[in-house]
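Structural description and commentary
If you want the building blocks of each chain, they are given just below.
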Amino acid sequence: MKTEKMIRQQARDAMKGNLSRLIAALGFAALTFLTIEYVEYLVLHLTGAINYESGEAYNSGSTLYVGIVSAYVFAVLFLSPLLNGYIKTAANTALNKKCESTDLFFYFKGAGRYFKTVLYNLLLFMLYYVVSGALNLNGWLNAFFHSWFTQTPAWNIDTFLIVLAGVVTVFIRILVFMLFVHFPLMAKALNDNIGVKDGVFAMLGFSFKNFRHIFKLAFSFIGWFALCFFVVPALYVIPYFSVAALTSAKWLFAMDKRGGVV
């Protein structure tokens, strides 16, 4: 039996009796972040900082615009332990075949744990944005070929190349996430005692070494991910992949020469 198929089977077994709690945790976390984004957009619109029809900023350098966007970023950062909480819910499912509704708020229990998690997320996503920003093909095209890149859409070779650049940019961002973010988040969920230095920076070698495993697992879910186009199937697919990813990470950490994190 192929490794990915075996991991998917273990994930399905672990999810039995836990799916409703996984969906509830995912839904609450997603709704929280969507609400923050909606509030940001609403405030930007009501204050006249953006064009309602196009969504573009009238003056992205204004104090008002910068202040509203900064408030949004801080709100996301300080609520980011909800993301860790959802992954913790999936981790407990993978490890113990049992999760609780309170797992979502695990990282809000205690000031030390909470602020350590916020710092962990801050460093992790700063690393992600620096690397993905440097490899942002759309950004480079917009900077050096602005008139061509922002031309009125028309189905010709130029449009095809612009769309292709967008697809490549998204693919690069996914790869960067897998390389720099995925395993540190898994490690944090599987072992809350992991230090910020070990989780964010020392984990890089492990991530590059085992990148092929998460890539192959994600590729094996390509059909499931396609179903997410219809939105509703995502309520099953995302928890399914999350538990499978934690199951894979659990075994990879256990086989690591350093003894892993679990």
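Provided above is the structure to which this section pertains.
Residues numbered from 1 in each chain as written. Predicted model: local features only at pLDDT ≥ 70, side-chain atom pairs only at ≥ 80, totals over all residues. Heavy atoms only, no water.

1. Section: helix α5 (residues 111-134)
The test is simple: Think of it this way: any DSSP run of H or I at least four residues long counts as a helix, any run of E at least two long counts as a strand, and we number them from the N terminus. Helix span, expected: 1.5 Å multiplied by one less than the number of residues in the helix. Buried, partly exposed and exposed residues are distinguished by accessible area as a fraction of the type maximum, computed with a 1.4 Å probe on protein chains only: under 20%, between the cut-offs, and over 50%, respectively. We call two residues contacting when some pair of their heavy atoms lies within 4.5 Å.
Helix length check: α5 (24 residues) gives 34 Å between terminal C-alpha atoms against 34 Å at 1.5 Å per residue, within 8%. By the burial criterion, the buried members of α5 are Y114, T117, V118, Y120, N121, L124, L127, Y128, V131 and S132. Taken together, the buried residues of α5 touch α3 (63-79), α4 (81-96), α8 (157-190) and α9 (196-209).

2. Some details on the nonpolar core
Quick note on the threshold: Nonpolar cores were defined as sets of buried Ala, Val, Leu, Ile, Met, Phe, Trp, Tyr and Cys residues, with membership established by side-chain atoms within 4.5 Å.
The biggest cluster of nonpolar side chains holds 53 residues, and the ones touching the most others in it are F183, M186, V243, L246 and F253. Breaking this core down by element, the ones donating at least two residues are α1 (3-15), α2 (19-46), α4, α5, α8, α9, α10 (211-220) and α12 (234-255). For this core, the element with the highest residue contribution is α8, accounting for 11 residues. When sequence neighbours within four positions are dropped, the list of residues in contact with F183 reads M178, M203, F206, S207, N210, I214, A249, L252 and F253. Residues L44, A49, I50 and Y65 belong to the second largest nonpolar core, which totals five residues.

3. What to know about the pattern of salt bridges
The test is simple: In the sections that follow, a salt bridge refers to a side-chain nitrogen of Lys or Arg positioned within 4 Å of a carboxyl oxygen of Asp or Glu.
Counted under the stated rule, the structure contains five salt bridges. Across the salt bridge formed by K98 and E100, the nearest N and O atoms sit 4.0 Å from each other. Note on K98: relative accessible area 42%, which makes it partly exposed. D192 is paired through a salt bridge with K188; the nearest N and O atoms lie 3.5 Å apart. Looking at D192, the relative accessible area reads 17%, which means it is buried. Here the salt bridges share partners, and the residues they tie into one network are R113, K188 and D192.

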